[in-house]
Amino acid sequence: MGSRTDSRRFKSIGRRELLKLTPVVALGTFAIPKLQAPLLKAGLSFSDWVSTKFFRSGHLAPTFANSEVTPFSRFPINDYDVDDPEVDLERWTLTVSGAVRKPGDYTLAQIQALPKITQNTRHVCVEGWDVIGRFGGARLADFLQTIGADPAARFVSFECADHYYESLDRATAVHPQTLLCYEMYDQPLTREHGAPLRLQIPTQIGYKQAKYLTHLKVSHVLDKLGYWEDQGYSWFYDL
Amino acid sequence: MATRVIAIQDPKTGEGTEAVYEHPFVVRLCHWVNTASLFVLAGSGLQIFRAFPSFGAKIPQKDLLHWPKALALGGWLGGALQWHLTFIWIYLATGLFYIGYQVFSGNFKQVLFVGRDIPAVWPMVRHYFFFGPKPAAREAYNALQKCVYTSAVALGVLSVLTGFAVWKPVQFSWLAWLMGGFHWARLWHFLIMWALLGFVFGHLVMVLLHGWNNFVSMLTGWKKDPEYRLD
């Protein structure tokens, strides 16, 4: 050890070492307005892709005792538009289309005829709050079987009476805790909570749990993601 | 680990000084990438926090503090999440690369705080905060520095673990459980961010007080006129 040099050569060693750090400047591309949006979009896509790797189709979300459930009066009501899109509950049907053997209009009674699941699970909002709720409904997996959904179809998408829309990947759609939910706290869904039918997905973030469902479509491609996702939120946001 | 020392002679005046190679390239690269990531993650994290600035129930909601939008990054919740979910991977990759490099190169010995450093911490604290005498420097980092830098790396690891517990409380339910549940994980994540920002603040104060040579050594690797002697 212990070599010698003169001060000019030492300065040039320093400059060379400093130049090696130029890759750090690449992070500055995030500050360029034109590149920022595509870079962040790519980052979010990468993050969603990693999320799909974390997701385990057989892994169940934690369930809770009745004593741990947040009281119904303290279960928040979150809408993007209106609390009550004035669905005609008497004449309501779920219109099924796409890659299914039995398309058409399904009544609530047909959905309620499927085995009923009741579960106390955590609802996590993207804003950061959460509540433990009690939900009842039919497994989406059972309904997909009823309508003869093509098992090779990759997506299930939904339209809602308030013009909200959502879509799910197949693994999430057939997860045993994913419900077509028609009850909360052992009572029929109230209008603010999405009467007569909403999604309830304990393995996904709150905004995926669309309310006031009117249309269900099974498809191989997606023409749109979801109301919030099309504005820049994660599409695959499993918990 | 061979530490390189150069004796420098000014050709005009003939004066001689010395320089020590303190920071390998990987350490310097990780330091600056991590600096950028940390600010992006803290800024976007605070914007995310603005969406629900509380650690209690949603109903009734008791806000902890109103963080100004001007000191947050992303503009809105969705934008902040994009920044956060993009830079977490840069932060994580940098952290893993750094720790891996330190372990395999043996360079960690320069900075890792170990049991025998404990007795030397108090004299340094006395020097900095209570006008005590300055302990003699024997190596690149004194015991207090080692303690603080090792803690900062530990906080970095915890920031990632608590973050995953908040982001994936179902897939990593065991992580959330370890932290005392989802609410605690979110609170820990928030507190760890402040601890890291506190570290950054102290670190900047020390760099400002202790001068240019330390700052340059994190850029070029070489520290001129070190206070300590290597032989």
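Description of the structure in this document.

Scoring rules and cut-offs
- Residues numbered from 1 in each chain as written.
- Chains lettered and ligands numbered in written order.
- Predicted model: local features only at pLDDT ≥ 70, side-chain atom pairs only at ≥ 80, totals over all residues.
- Pairing = 2+ DSSP bridges.
- Helix = DSSP H or I, 4+ residues; strand = E, 2+ residues; numbered from the N terminus.
- Axes fitted to C-alpha atoms, helices over the stretch in contact; angles between N-to-C directions.
- Buried ≥ 20, exposed ≤ 12 C-beta atoms within 10 Å, placed from the backbone.
- Core = buried A, V, L, I, M, F, W, Y, C linked by C-beta atoms within 7 Å.
- Contact = placed C-beta atoms within 7 Å.
- Nonpolar A, V, L, I, M, F, W, Y, C, P; charged D, E, K, R; others polar.
- Expected span 1.5 Å × (residues − 1).
- Parallel < 35°, antiparallel > 145°, perpendicular 65-115°, else oblique.
- Left-handed = near helix turned anticlockwise from the far one by under 90°.

**Some details on the sheet that holds strand β3 (residues 104–106) of chain A**
Residue and element names in this part refer to chain A.
So, step 1. Across the sheet, which stays open at both edges, the 5 strands sit in the order β3-β2-β11-β6-β7 with mixed pairing between neighbours. Only two strands of the sheet have a single partner each, and these edge strands are β3 and β7 (165–169). Strand-to-strand, the axes of this sheet are offset by a mean angle of 20°, without reference to chain direction.
So, step 2. Relative to strand β11 (residues 213–219), strand β6 (residues 155–160) runs antiparallel, the two being bridged by 6 bridges. Bridge assignment links F155 to a residue of β11, and that residue is S219.

**Side note on unusual backbone geometry**
So, step 1. With an omega dihedral of 0°, the bond running from A:A195 to A:P196 counts as a cis peptide bond.
So, step 2. In this fold, A:P196 is placed in the loop between β9 (187–188) and β10 (198–200).
So, step 3. Cis geometry marks the peptide bond from B:I59 to B:P60; its omega dihedral reads -10°.
So, step 4. Summarising the element assignment, B:P60 is placed in the loop between α1 (25–51) and α2 (77–105).
So, step 5. You will see that A:E86, though not glycine, has its phi angle at about 55°, which is positive.
So, step 6. Checked against the element boundaries, A:E86 lands in the loop between α2 (33–54) and β2 (94–98).
So, step 7. Despite not being glycine, A:H163 shows a phi value in the positive range, around 70°.
So, step 8. Among the structural elements, A:H163 can be located in the loop between β6 and β7.
So, step 9. When the 13 C-beta atoms within 10 Å are taken as the criterion, A:H163 is described as partly exposed.

**Some remarks on the nonpolar core**
So, step 1. In terms of nonpolar packing, the biggest core is built from 34 residues, with A:I111, A:F143, A:C160, A:L180 and A:L213 touching the most fellow members.
So, step 2. The greatest single-element share of this core, amounting to 5 residues, is contributed by strand β8 (residues 179–184) of chain A.
So, step 3. Here A:I111 is in contact with A:L94, A:Y106, A:A138, A:F143, A:L180, A:Y182 and A:L197, once residues within four sequence places are set aside.
So, step 4. Within the second largest apolar cluster, 25 residues are counted, among which are A:W228, B:F49, B:A80 and B:Y91.

**Quick word on the interface of chain B and chain A**
So, step 1. In this assembly, 42 residues from chain B lie in contact with 43 residues from chain A.
So, step 2. Listing elements by their share of the side of chain B that touches chain A, those giving two or more residues are β1 (5–9), α1, α2, α6 (182–210) and α7 (212–220) of chain B.
So, step 3. Ranked by residue count, the leading element in the side of chain B that touches chain A is α2(B), at 9 residues.
So, step 4. Within the side of chain B that touches chain A, the residues separate by chemical class into 27 nonpolar, 9 polar and 6 charged.
So, step 5. Bridge count between strand β1 (residues 3–6) of chain A and β1(B): 4 bridges; the pairing is parallel. The residue of β1(B) that forms the bridge with A:T5 is B:I8.

**Side note on helix α4 (residues 143–167) of chain B**
Residue and element names in this part refer to chain B.
So, step 1. Given a rise of 1.5 Å per residue, 25 residues ought to cover 36 Å, and the 36 Å separating the end C-alpha atoms of α4 matches this to within 8%.
So, step 2. Among all positions of α4, only A143, L144, K146, G156, S159, T162, G163, A165, V166 and W167 are buried.
So, step 3. For α4, the secondary structure elements touched by its buried residues are α2, α3 (121–129), α5 (173–178) and α6.

**Thoughts on the pairing of strand β5 (residues 130–139) of chain A**
All names here are of chain A.
So, step 1. β5 sits mainly inside the fold: 7 of its 10 residues count as buried.
So, step 2. Of the pairings in the sheet, the one linking strand β4 (residues 116–124) to β5 comprises 9 bridges and is antiparallel in character. Residue pairing for β5: V124 is matched across the bridge by D130.
So, step 3. Connecting β4 to the next strand, β5, in antiparallel fashion are 5 residues, including G128 with a positive phi near 125°.
So, step 4. Relative to β8, β5 runs antiparallel, the two sharing 5 bridges. Pairing of G137 across the sheet is with C181, part of β8.

**Details of the environment of A:R154**
Residues and elements named next belong to chain A.
So, step 1. Structurally, R154 is set in the loop between α4 (140–146) and β6.
So, step 2. Residue R154 is classed as partly exposed on the basis of its C-beta count, with 17 C-beta atoms lying within 10 Å.
So, step 3. The residues touching R154, leaving out its near neighbours within four places in the chain, are D169, R170 and H220.

**Brief notes about the packing of α2(A) against α2(B)**
Helix-helix packing is characterised by the crossing angle of the two axes and by the distance between the axes.
So, step 1. Orientation of α2(A) relative to α2(B), taken along the N-to-C sense of each, is 70°, at an axis distance of 8 Å. In terms of orientation, α2(A) and α2(B) fall into the roughly perpendicular class. Judged by the sense of rotation from one axis to the other, the crossing of α2(A) with α2(B) is left-handed. Between α2(A) and α2(B), the residues in contact are A:L40, A:G43, A:L44, A:F46 and A:S47 and B:Q82, B:W83, B:L85, B:T86 and B:W89, respectively.
So, step 2. Here the contact of α2(A) with α2(B) is built from residues that sort into 6 nonpolar, 4 polar and no charged.

These figures capture arrangement, not role.
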